[in-house]
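So the chains spell out like this:
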Amino acid sequence: MDSPPIDTLISAERIQARVRELGAQINRDYAGQSIVLVPVLKGSFVFAADLARAIEVPCAIDFFGCRSYEGTESTGVVQTTLDLSKPVEGKHVIIVEDIVDTGLTMKYMLENFETRRPASLKLCSLLHKAARTKVPIDIDYLGFEIDDVFVIGYGLDHDELYRNLPYLGVIRG
Ligand code: 5GP
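The following refers to the structure shown.

**Looking at the packing of helix α1 (residues 12-29) against helix α2 (residues 45-54)**
Phase 1: Close contact between α1 and α2 brings their axes to 8 Å; oriented N to C, the two are set at 50 degrees. In terms of their interaxial angle, α1 and α2 are classed as oblique. At the point where α1 passes α2, the crossing takes the right-handed sense. Only Phe47, Asp50, Leu51 and Ala54 of α2 make contact with α1, whose side of the interface consists of Gln16, Val19, Arg20, Leu22, Gly23, Ala24, Ile26 and Asn27.
Phase 2: Tallied by class, the residues present in the contact of α1 with α2 amount to seven nonpolar, three polar and two charged.

**Here we look at the pairing of strand β6 (residues 92-100)**
Within a regular strand, side chains alternate between the sheet's two faces.
Phase 1: For β6, the buried fraction is high: eight of the nine residues fall into the buried class.
Phase 2: The sheet contact formed by strand β2 (residues 35-41) and β6 spans five bridges and is parallel. Across the sheet, Val38 pairs through a bridge with Ile95, a residue of β6.
Phase 3: Here β6 runs beside strand β7 (residues 120-128); their pairing, made up of eight bridges, is parallel. Bridge assignment links Ile99 to a residue of β7, and that residue is Leu127.
Phase 4: Read as a crossover between parallel neighbours, the route from β6 over helix α3 (residues 104-114) to β7 is right-handed.

**What to know about the packing of aromatic side chains**
Phase 1: Across all of its chains, the model carries one aromatic pair by this definition.
Phase 2: Taken together, a centroid distance of 5.3 Å and an interplanar angle of 75 degrees make the contact between Phe64 and Phe113 edge-to-face. Of the two residues, Phe64 is situated in strand β4 (residues 64-70) and Phe113 in helix α3; the sequence distance between them amounts to 49 residues. Per residue, the accessibility class of Phe64 equals that of Phe113, and both read buried.
Phase 3: The residue whose ring lies beneath Arg116 is Phe113, and the NZ or CZ to ring-centre distance is 4.7 Å.

**A closer look at the nonpolar core**
Phase 1: In terms of nonpolar packing, the biggest core is built from 29 residues, with Phe47, Leu51 and Leu127 touching the most fellow members.
Phase 2: Of all the secondary structure elements, the ones that give two or more residues to this core are α1, β2, α2, β6, β7, β8 (141-145) and β9 (168-171).
Phase 3: Sequence-distant contacts of Phe47, defined by excluding residues within four places in its chain, comprise Val19, Leu22, Val96, Glu97, Cys124, Ser125, Leu126 and Tyr154.
Phase 4: Residues Leu84, Val93, Met109 and Phe113 belong to the second largest nonpolar core, which totals 18 residues.

What counts, and where the lines are drawn
- Residues numbered from 1 in each chain as written.
- Predicted model: local features only at pLDDT ≥ 70, side-chain atom pairs only at ≥ 80, totals over all residues.
- Heavy atoms only, no water.
- Axes fitted to C-alpha atoms, helices over the stretch in contact; angles between N-to-C directions.
- Helix = DSSP H or I, 4+ residues; strand = E, 2+ residues; numbered from the N terminus.
- Parallel < 35°, antiparallel > 145°, perpendicular 65-115°, else oblique.
- Left-handed = near helix turned anticlockwise from the far one by under 90°.
- Contact = heavy atoms within 4.5 Å.
- Nonpolar A, V, L, I, M, F, W, Y, C, P; charged D, E, K, R; others polar.
- Buried < 20%, exposed > 50% of the residue type's maximum accessible area, 1.4 Å probe, protein only.
- Pairing = 2+ DSSP bridges.
- Right-handed = clockwise from strand over helix to strand, strands pointing away.
- Phe/Tyr/Trp six-rings, centres within 6.5 Å; stacked < 30°, edge-to-face > 60°.
- Lys NZ or Arg CZ within 6 Å of the ring centre and 35° of its normal.
- Core = buried A, V, L, I, M, F, W, Y, C linked by side-chain atoms within 4.5 Å.

This is the structure we're talking about:
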């Protein structure tokens, strides 16, 4: 199968530099505390793996899975595909997301997580598409603001492919 040409949107080097900055910011904000990182599967698994290694405060990791996209379209219905393995009551939780697009997924997740009574709840997202906002979401730690394009790579897929690319790109055409 031939791969279509992919234009680089954000290089691996730029991503790595920004992830280090986000890690440093989290280290400062949570100095003397411990945190639970909650990567949202599947899209944030690469970002979360790099971010976790830029974090020096004691850090547990637990995964949450949900999906709202088929191909390149949001279905508007958020499905939980994997729940946390442990309660997060009384913990400082940081949700790690790949991209906030319409905001519907994060609205669902933040409401879901508030009911679990964490000591604090923050959101770290690699990407945000402001032009697509349906529900405004406060992103405490943001990697990059991007235009309204469908991005792949660094964990993000198109029909389950391209997650393994080390950079963020856009399929040409
Ligand atoms: P939202 O609910 O904010 O519209 O969408 C959030 C989810 O949609 C993301 O976690 C991601 O899985 C998917 N998504 C949104 N925009 C893109 C995109 O440009 N590329 C890819 N691969 N997934 C996207």
